[in-house]
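# Descriptive structure summary
Listed below are the residues making up each chain.
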Amino acid sequence: MEFIASFNEPIVPIIHGYLSDLHPPSINDPKLAVQAVYGMILSHAMLSNIFYSKHKSKFPNLKFGVILNISPSIPLDGIYYSEDDLKAAEIHDMLLNHSMMYQMIKGEIKKELIDFLKEKDLLPINTKQEIEIIKKTKIDLLVVNFYNPLRVSKPNGKRSYKFLHNFYNTYNWDKVRINIFRGWEIRPESLYDIVKIIKNDFDNIPFFVSENVMGVENEHLYKN
């Protein structure tokens, strides 16, 4: 199978480059972060439109898609949690998982995301023509990178300079299995949760898992 992707893990430079200073351009600015996400979604959509209108017929076996890293959210231990904890988990999914999944897979702009961004005065600059381009988005194949879920709790109510922490906090449950190299939770069930989302929300689009489960340090020690 031949496959081309528009992006690999596009949310990563947003989180680390526009909502923290870990990656360039090291700008902690939610307004610019949203605009950068919008730019990625639009460029992906433009590639999709061009590929299917001008090139798909020439290369019928070539699959077009995107590689998304997905970390499903879990409120607290997943069993005992409050409505506020559940809301925090839903906001995490909306901002860091669904914000790219729906637009990049089928060009669907979720109303709850628009309402959230509008309420926070974070709607990106856009045109009607661009929105129409995004709505025409389609892909042949989704590639998933999965390592860990994210357990969240409700925010502590204090204003945080870290934008995302105003809506949820990470929750460190003492009963999880941890990858000691990265500090990530090991939970295969969350990969199954991703599969259910793909089946139920994305018409069971063809997909495969490219990266999963194991992230280690000193990788060269594990090579034969």
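Residues numbered from 1 in each chain as written. Predicted model: local features only at pLDDT ≥ 70, side-chain atom pairs only at ≥ 80, totals over all residues. Heavy atoms only, no water.

Another point: the overall build of the protein. Summing up its helical and strand segments, the protein has six helices and nine strands in all. What you see for the protein is a C-alpha radius of gyration of 18 Å, in line with the 17 Å of a compact globule of 224 residues. For the protein, the spread of C-alpha atoms along the principal axes amounts to about 55 × 50 × 35 Å. Relative to its full complement of 224 residues, the protein shows a buried share of 41%. Within the protein, contacts between residues at least 6 apart in sequence are counted, and of these 72% link residues at least 24 apart. For the protein, the exposed surface amounts to about 13200 Å²; the carbon and sulfur share of it is 54%. (Helix = DSSP H or I, 4+ residues; strand = E, 2+ residues; numbered from the N terminus. Rg over C-alpha atoms; globule rule 2.2 N^0.38 Å. Buried < 20%, exposed > 50% of the residue type's maximum accessible area, 1.4 Å probe, protein only. Contact = heavy atoms within 4.5 Å. Areas by Shrake-Rupley, 256 points an atom, 1.4 Å probe, with all protein chains shown as cover.)

Judged by pairing direction, the sheet is mixed, and its three strands sit side by side in the order β3-β5-β6 without closing on themselves. Each edge of the sheet is formed by a strand with only one pairing partner; in this case those strands are β3 (73-75) and β6 (169-170). Alignment of β3 against strand β5 (residues 150-153), held across three bridges, turns out to be parallel. Opposite Ile 74, over in β5, you have Arg 151 as the bridge partner. (Pairing = 2+ DSSP bridges.)

It is worth spelling out the nonpolar core at this point. Grouped together as the largest cluster of nonpolar side chains are 49 residues, with contacts concentrated most on Ile 14, Leu 95 and Leu 142. Elements that contribute at least two residues to this core include exactly α1 (11-17), α2 (30-55), β2 (62-69), α3 (83-106), α4 (111-119), α5 (128-135), β4 (141-146) and α6 (189-201). For Leu 95, the residues in contact, after removing those within four places along its chain, are Ile 11, Leu 113, Phe 116 and Leu 164. (Core = buried A, V, L, I, M, F, W, Y, C linked by side-chain atoms within 4.5 Å.)

A complete count under the given rule lists nine salt bridges for this structure. Glu 132 is paired through a salt bridge with Lys 135; the nearest N and O atoms lie 3.9 Å apart. With Glu 132 and Lys 135 both in helix α5, this residue pair falls three residues apart, about one helical turn. Linking Asp 193 and Lys 196 is a salt bridge whose minimum nitrogen-to-oxygen distance equals 3.8 Å. Within this pair, Asp 193 and its partner Lys 196 are both found in helix α6, separated by three residues, close to a single helical turn. (Salt bridge = Lys/Arg side-chain N within 4 Å of Asp/Glu carboxyl O.)

Purely geometric numbers; function is a separate question.
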